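Descriptive analysis of the structure
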Amino acid sequence: MFELKYHTPFEWTHKVMEDFITFLQDHAAAEKKASGMAMSMLAHYPDRTKLVKAMADLAIEEMIHFKQVLKLINERGLALGNDKQDPYIKKMRGLFRQGSDEFLIDRLLVAAVIEARGHERFSLVAEALPKGKDKDFYVAIAKSEEKHKNLFVELGYEYFDKAVIDARLEEILIAEAQICESIPFSAALH
């Protein structure tokens, strides 16, 4: 449906593979936060029936992903770890505009771009992993993130004019590319 403006170099996966445990802990935190974001959206927009249903489904799916990542962590004999502030998410949230329609548009489109970035990076992780269940898991997670990116744009089209959504999406994609370029690589999703 749309393409990211910044493409993560494969070298990013070197940081991930060097400290895969930290990456797993960060991934678990990201899934947990994504579930919470979906719950927050359905709570804030109870009158938007399609959005409520989509966010209820998404919250459950993200929690399932959280449990799957938690299992990978526990199988390694490790604990979940503390959530850390994500500078990428903080900067992306800084793109939200004021005004009820503008804020909803931005919440949807920022979420779409974050999911697209997840799709890209989980695909890179899957490519870097050796054959086995971890690789299979990240292939599946990447596909899921791709569906999510499209879901948020489709919800934007449901409630707002397509031209408005497309123009704002382009602005967010440009800003997101600049954000990605400004953050050093680490063993984290973003």
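1. So, the overall build of the protein
Helix and strand counts for the protein come out as seven helices and zero strands. Helices (α) and strands (β) of the protein occur, in sequence order from the N terminus, as α-α-α-α-α-α-α. Rg of the C-alpha trace for the protein: 16 Å, near the compact-globule value of 16 Å for 190 residues, within the 12% margin. Reported as C-alpha extents along the three principal axes, the dimensions of the protein are approximately 45 × 30 × 25 Å. The burial tally for the protein puts 47% of its 190 residues in the buried class. Within the protein, residue pairs in contact and separated by at least 24 positions form 82% of the contacts whose partners lie at least 6 positions apart. For the protein, the accessible surface area stands at approximately 9,500 Å², while carbon and sulfur atoms represent 57% of it. Averaging the locations of the 26 positively and 31 negatively charged side chains of the protein gives two centres separated by 4 Å.

2. Re the pattern of salt bridges
Scanning the model with the defined rule gives 13 salt bridges in all. Glu120 is the salt-bridge partner of Arg121, the closest N and O atoms lying 4.0 Å from each other. Assigned by exposure class, Arg121 and Glu120 land together as buried. Look at the salt bridges and you will find they share partners, linking Arg97, Asp106, Arg168 and Glu171 into a network.

3. Concerning the packing of helix α5 (residues 100-128) against helix α7 (residues 162-182)
Where α5 contacts α7, the axes come no closer than 10 Å and their chain directions differ by 50°. Judged on the interaxial angle alone, α7 and α5 are oblique. Crossing of α5 over α7 shows right-handed handedness. Counting all contacts with α5, which are made through Ile105, Asp106, Leu109, Val110, Val113 and Arg117, the residues of α7 involved are Val164, Ile165, Arg168, Leu169, Ile172, Leu173, Glu176 and Cys180. A class-by-class count of the residues in the contact of α5 with α7 yields ten nonpolar, no polar and four charged.

Conventions we followed
- Per chain, residues are indexed from 1 in the order of the written sequence.
- Whole-chain, interface and lining totals are the exception, using all residues; otherwise, since this is a predicted model, local features are given only for residues with pLDDT of at least 70 and side-chain atom pairs are given and counted only at 80 or more.
- Hydrogen atoms and water are omitted, and side-chain values are computed over all heavy atoms in the structure.
- Helix and strand definitions follow DSSP, with helices as H or I runs of at least four residues and strands as E runs of at least two, each counted in order from the N terminus.
- Only C-alpha atoms enter the radius of gyration, while the globule expectation follows 2.2 Å times N to the 0.38, with N the number of residues.
- Relative accessibility thresholds used throughout: buried, under 20% of the residue-type maximum; exposed, over 50%; partly exposed, between the two (1.4 Å probe, protein chains only).
- We call two residues contacting when some pair of their heavy atoms lies within 4.5 Å.
- Per-residue and other accessible areas were derived by the Shrake-Rupley procedure at a 1.4 Å probe size, with only the shown protein chains allowed to occlude residues.
- Counting rule for charge: Lys and Arg are taken as positive, Asp and Glu as negative, and neither His nor the chain ends is counted.
- Charged side chains are reduced to one point each, which is NZ for Lys, CZ for Arg, CG for Asp and CD for Glu.
- Put simply, a salt bridge is a Lys or Arg side-chain nitrogen that is within 4 Å of an Asp or Glu carboxyl oxygen.
- Whenever a helix is involved, its axis is fitted only over the stretch in contact; in every case the axis is a line through C-alpha atoms, and angles between N-to-C directions fall within 0 to 180 degrees.
- Here roughly perpendicular refers to angles of 65 to 115 degrees, roughly parallel to angles under 35, roughly antiparallel to angles over 145, and oblique to all remaining angles.
- In this scheme, a crossing is called left-handed if the near helix is turned counterclockwise away from the far one by less than a right angle; it is called right-handed if the turn is clockwise.
- Following the grouping adopted for this structure description, the nonpolar residues are Ala, Val, Leu, Ile, Met, Phe, Trp, Tyr, Cys and Pro, the charged ones are Asp, Glu, Lys and Arg, and the polar ones are all others, Gly among them.

Don't take any of this as a statement about function, it's just geometry.
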